[in-house]
Amino acid sequence: MPEAVLAKLRSEVRRALDSPDLKERFNHAGGLEPLLLPAGEFAALIRRDYDKYAKVVKDVSVRVD
């Protein structure tokens with residue numbers, strides 16, 4: 001995807017998440033707070049969570065039927 005398109009998308013998402021209406025809706029949905037990270041940091045977070053929860057699943061012997 002062209003960087004200009006990604007930049008526009010990031011900008012619009014940030015603008016939407018900064019809107020008072022959306023903040024209120026997140027708050028009413030249980031106090032949710034969006035986490036906006038650069039792509040590299042987001043990928044690292046997902047990798048850490050994947051590794052952490054894979055260990056938990058293995059440790060408690062969770063099986064998917």
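Use the structure listed above.
Small disclaimer: the values here were computed from a predicted structure and weren't measured.

Participant: What is the right way to read the overall build of the protein chain from this model?
Facilitator: Assigned secondary structure in the protein chain consists of three helices and zero strands. Each helix and strand of the protein chain, ordered N terminal to C terminal, gives the series α-α-α. Its C-alpha atoms give the protein chain a radius of gyration of 17 Å, clearly above 11 Å, the size a compact globule of 65 residues would have. Dimensions along the principal axes, computed over C-alpha positions, put the protein chain at roughly 45 × 35 × 20 Å. Every one of the 65 residues in the protein chain was classed for burial, and the buried ones make up 3%. Here the protein chain displays about 6,000 Å² of accessible surface, and carbon together with sulfur accounts for 60% of that area. Mean positive and mean negative side-chain charge positions of the protein chain (12 and 11 charges, respectively) differ by 4 Å.

Participant: For this particular structure, what's the right way to read a nonpolar patch on the surface?
Facilitator: Where nonpolar side chains cluster on the molecular surface, the patch consists of Met-1, Val-5, Leu-9, Val-13 and Leu-36 and spans about 460 Å² of accessible area. Structurally, Leu-36 can be placed in the loop between α2 (20-28) and α3 (39-59).

Participant: What am I meant to see in the pattern of salt bridges here?
Facilitator: Side-chain pairs of opposite charge can arise where the charged atoms are in close proximity. Using the criterion set out here, one finds six salt bridges in the structure. In this structure, Arg-10 engages Glu-3 in a salt bridge whose closest nitrogen and oxygen atoms are separated by 2.9 Å. When its relative accessible area of 47% is taken as the criterion, Arg-10 is described as partly exposed. Between Lys-52 and Asp-49 there is a salt bridge, and its shortest N-O distance comes to 4.0 Å. Residue Lys-52 and its partner Asp-49 are both found in helix α3; the two are separated by three residues, about one turn of the helix. The network of salt bridges with common partners includes Lys-8, Glu-12 and Arg-15.

The rules behind these values
Residues numbered from 1 in each chain as written. Predicted model: local features only at pLDDT ≥ 70, side-chain atom pairs only at ≥ 80, totals over all residues. Heavy atoms only, no water. Helix = DSSP H or I, 4+ residues; strand = E, 2+ residues; numbered from the N terminus. Rg over C-alpha atoms; globule rule 2.2 N^0.38 Å. Buried < 20%, exposed > 50% of the residue type's maximum accessible area, 1.4 Å probe, protein only. Areas by Shrake-Rupley, 256 points an atom, 1.4 Å probe, with all protein chains shown as cover. Lys, Arg positive; Asp, Glu negative; His and termini not counted. Charge placed at Lys NZ, Arg CZ, Asp CG, Glu CD. Patch = residues over 30% accessible without salt bridge, like charges linked within 9 Å, V, L, I, M, F, W, Y side chains within 5 Å. Salt bridge = Lys/Arg side-chain N within 4 Å of Asp/Glu carboxyl O.

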